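Breakdown of the fold
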Amino acid sequence: MAARRPEEVASPLSEMAAPAATLAGVPRLDGFPSRAAARPQALIGGEGLRSDWAAGRDPEVGAAGEAPRGRGRGRPWRVEELLEAPPGRRKRPQRYWEGEVTQPEPPKRADPPNPKKPRQDGGLKEKQREPDGRDRISGKVDPFPGPAIISRERVEKFQRGTKPKGRVSNKNLRHQLALQEEKAEVAAKQAARMDLLLLEEPGFLEGEEGEDTCRISQADIAEAVDLAAGAKHFKLRLDQFGPYRVSYTRNGRHLLLGGRRGHVAALDWHTKALMCEINVMETVTDLTWLHTETMFAVAQRQWLYVYDNQGVELNCLKRFHRVQRMEFLPYHFLLATASATGFLQYLDISVGKEVATICTKGGRLGVMTQNPSNAIVHLGHSNGTVTLWSPNIKEPLVRMLCHRGAVRAVAVDHSGTYMATSGLDRKLHIYDLRAYRRLHSLLLPTGAGLLDFSQRGLLGAACQEPGRPRAPRPTGRNRKTPLCSHCT
């Protein structure tokens, strides 16, 4: 079959491009005129220079094979220009993929609400303003403008320090001090204003005038307090191997009990779960937890023993002979022991090595405590003196004559500021450790055998008669009678 010439192809593209290919004399490969074929035609003239109106073509398109007028000559045809239907013909149907994508119109932004309210007469009523310029939602005027008035006594309760009396010569320093004083004044006022929201006040049991507090039982106290505090109440009946020594961990969760007749028990008193319970078959003089709740030390009749929380013996320290009292120093990992022979010994529990042995020359050491703020050990002696010791010095740091008889108990509060002592002279003394001077002196019906400070700053004294908590704080009231007494 003979191949047809490009001029015989029945296609609008070939009909429009045929004169350009014939005049230029250049063979067409794809039916479109090349740039070299279109340029000579425009220069020579001929068919391409005829009048567009005579040829019946649009003057904007130009001659066939010629670049559109007004768009620059010498540019090749585009497919969109060649596919345009000539005037008078039916327009080619548009495919769905060739249609223009219409963008959705953006939603109109709503107008902001007008804060002014319409009045009944058709006008707008503006919101009323406070004297200080602030708007009121309700539109009413505050009958008591400004902040609430606070009494000066309430503000002084939260103030710290006093203002300097002299004048500072440096301008910048004076400005900084003024800013600090202003901030402190604002903080004190805010604390005094928020004091009304503190509905719970830390307190203590205080009986009315003429009321005997010995008749108030622990069950009555547990019923009167809130549920969280009442859940901490529990009762242990230990009447076979006593008297007992107790020790709590630093977080207060685990309790260690040791009876004089050899009974040792450790338990989690929050869940009341028993961790271990053993009988060492010897006299137990003292016991204490170590740096963790998995280890504790027990001072038995001859030597010092270390057990784990399952009751398994870990070590026997025979260099610590006839230990009477023990104190663990948590920040130094030292176990301080006081023996019946008058020796004060320090054990480093991290390596199990004895780091210091001090002969106090004070006889039997049966009274011992530590200062929680500086880890200084306080020892009470039979001659009425209290000595302060450090493992680095072989001599006492301070020696205080506190009682005319033997010292029975010593206690130091958590801040390390006050020390309480009791002796055989039936007196209870409160000392200020910053100046080593006596602040209060109380006479008890019988001497207190054990003293301890609470977290609220109250002092508990255990006597042969009912225990008598007292309030020895020098900043508070000076009570000559016990705050309350309770039978144990």
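Right, let's walk through the structure included here.

The tally for this structure, following the rule as stated, stands at five aromatic pairs. Both rings, one in Trp-289 and one in Phe-296, keep their centres 5.7 Å apart while their planes meet at 75 degrees; by these two values the pair is edge-to-face. As far as burial versus exposure is concerned, Trp-289 and Phe-296 are alike and both buried. Cation over ring: Lys-318 sits above Trp-303, and NZ or CZ is 4.9 Å from the ring centre.

Looking now at the pairing of strand E5 (residues 263-268). Consecutive side chains of a regular strand alternate in pointing toward one face of the sheet and then the other. Counting buried positions along E5 gives six out of six residues, so the element sits mostly inside the fold. Alignment of strand E4 (residues 254-259) against E5, held across five bridges, turns out to be antiparallel. Across the sheet, the residue bridging to Leu-256 is Ala-266, located in E5. Sheet topology places E5 next to strand E6 (residues 273-279); six bridges connect them, and they run antiparallel. Bridged to Ala-265 within E6 is Glu-277.

What follows is about the nonpolar core. Core analysis: the biggest nonpolar cluster contains 14 residues, and Leu-344, Tyr-346, Met-368, Val-377, Leu-379 and Trp-389 have the highest contact counts within it. When contributions to this core are tallied by element, the ones reaching two or more residues are strand E12 (334-339), strand E13 (343-348), strand E14 (353-359) and strand E16 (377-380). In terms of residues, this core owes the most to one element, E12, which gives three residues. Apart from residues no more than four positions distant in its own chain, Val-377 is found in contact with Ala-336, Leu-344, Tyr-346, Met-368, Thr-369, Gln-370, Thr-387, Leu-388 and Trp-389.

Further remarks concern helix H6 (residues 171-194). With 24 residues, H6 extends 35 Å between its outermost C-alpha atoms, agreeing within 8% with the 34 Å of an ideal straight helix rising 1.5 Å per residue. Where H6 is buried, its residues meet helix H5 (152-157). At the N-terminal end of H6, a side-chain oxygen is found 3.1 Å from the backbone nitrogen of Asn-172, two or three residues along, and the residue is Asn-170.

Below, the discussion takes up the sheet that holds strand E15 (residues 367-370). The antiparallel open sheet is built from four strands, whose spatial order is E15-E16-E17-E18. The open sheet has two edge strands with one neighbour each: E15 and strand E18 (398-401). Taken pair by pair, the neighbouring strands of this sheet meet at an average axis angle of 20 degrees, ignoring direction. Taken together, the four bridges between strand E17 (residues 385-389) and E18 define a ladder with antiparallel strand orientation. Looking at E18, one finds that Thr-385 is bridged to Leu-401.

Glancing now at the pattern of salt bridges. Summed over all chains, the structure comprises seven salt bridges. Put simply, Asp-195 and Lys-157 hold a salt bridge, and the shortest N to O gap is 3.6 Å. Within this pair, whereas Asp-195 is found in the loop between H6 and helix H7 (218-224), its partner Lys-157 is found in helix H5, the two being separated by 38 residues in sequence. Residue classification places Asp-195 among the partly exposed residues on the basis of a relative accessible area of 23%. For Lys-157, a relative accessible area of 55% translates into the label exposed. A salt bridge links Arg-245 to Asp-286, with the nearest nitrogen and oxygen atoms 3.4 Å apart. Highlighted residues: Arg-245 in strand E3 (residues 244-248) and Asp-286 in strand E7 (residues 284-289), separated in sequence by 41 residues. Residue class for Arg-245 comes out partly exposed when judged on its relative accessible area of 29%. Residue Asp-286 is classed as buried on the basis of its relative accessible area, which comes to 3%. One salt-bridge network, held together by shared partners, links Arg-152, Glu-156 and Glu-185.

Turning our attention to the side chain of Thr-288. Looking at the secondary structure, you find Thr-288 in strand E7. Once you skip the residues sitting within four places of it in the chain, Thr-288 turns out to touch Ser-247, Leu-256, Phe-296, Ala-297, Met-326, Phe-328 and Leu-335.

On to the sheet that holds strand E10 (residues 313-317), then. Taken together, the four strands give an open sheet; going across it, the order is E7-E8-E9-E10, and neighbouring strands pair in antiparallel fashion. The open sheet has two edge strands with one neighbour each: E7 and E10. Averaged over all pairs of adjacent strands, the angle between their axes in this sheet comes to 20 degrees, without regard to strand direction. The sheet contact formed by strand E8 (residues 295-300) and strand E9 (residues 304-308) spans five bridges and is antiparallel. Residue pairing across strands places Phe-296 opposite Tyr-307, the latter belonging to E9.

Another aspect to go through is the environment of Leu-314. Following the sequence through the fold, Leu-314 ends up in strand E10. In this structure Leu-314 comes out as partly exposed when scored by relative accessible area, which is 47%. A sequence separation of 18 residues divides Leu-314 from Phe-296, and the C-alpha atoms of the two residues are 9.8 Å apart. Leu-314 has contacts with Met-295, Val-306, Tyr-307 and Asp-308, leaving out every residue within four places of it along the chain.

Turning our eyes to something else, we now look at unusual backbone geometry. Omega for the bond connecting Gly-242 with Pro-243 falls within 30 degrees of zero, at 0 degrees, which places this linkage in the cis form. Position of Pro-243 among the secondary structure elements: in the loop between helix H8 (227-230) and E3. A positive phi angle is found at Phe-333, which is not glycine, with a value near 55 degrees. Along the chain, Phe-333 falls in the loop between strand E11 (323-329) and E12. Although it is not a glycine, Ala-375 sits at a positive phi angle of roughly 60 degrees. Checked against the element boundaries, Ala-375 lands in the loop between E15 and E16.

Each value, and the rule that gives it
- Residues numbered from 1 in each chain as written.
- Predicted model: local features only at pLDDT ≥ 70, side-chain atom pairs only at ≥ 80, totals over all residues.
- Heavy atoms only, no water.
- Phe/Tyr/Trp six-rings, centres within 6.5 Å; stacked < 30°, edge-to-face > 60°.
- Buried < 20%, exposed > 50% of the residue type's maximum accessible area, 1.4 Å probe, protein only.
- Lys NZ or Arg CZ within 6 Å of the ring centre and 35° of its normal.
- Helix = DSSP H or I, 4+ residues; strand = E, 2+ residues; numbered from the N terminus.
- Pairing = 2+ DSSP bridges.
- Core = buried A, V, L, I, M, F, W, Y, C linked by side-chain atoms within 4.5 Å.
- Contact = heavy atoms within 4.5 Å.
- Expected span 1.5 Å × (residues − 1).
- Polar contact = N/O pair within 3.5 Å; in protein donor to acceptor, adjacent residues only side chain to side chain.
- Axes fitted to C-alpha atoms, helices over the stretch in contact; angles between N-to-C directions.
- Salt bridge = Lys/Arg side-chain N within 4 Å of Asp/Glu carboxyl O.

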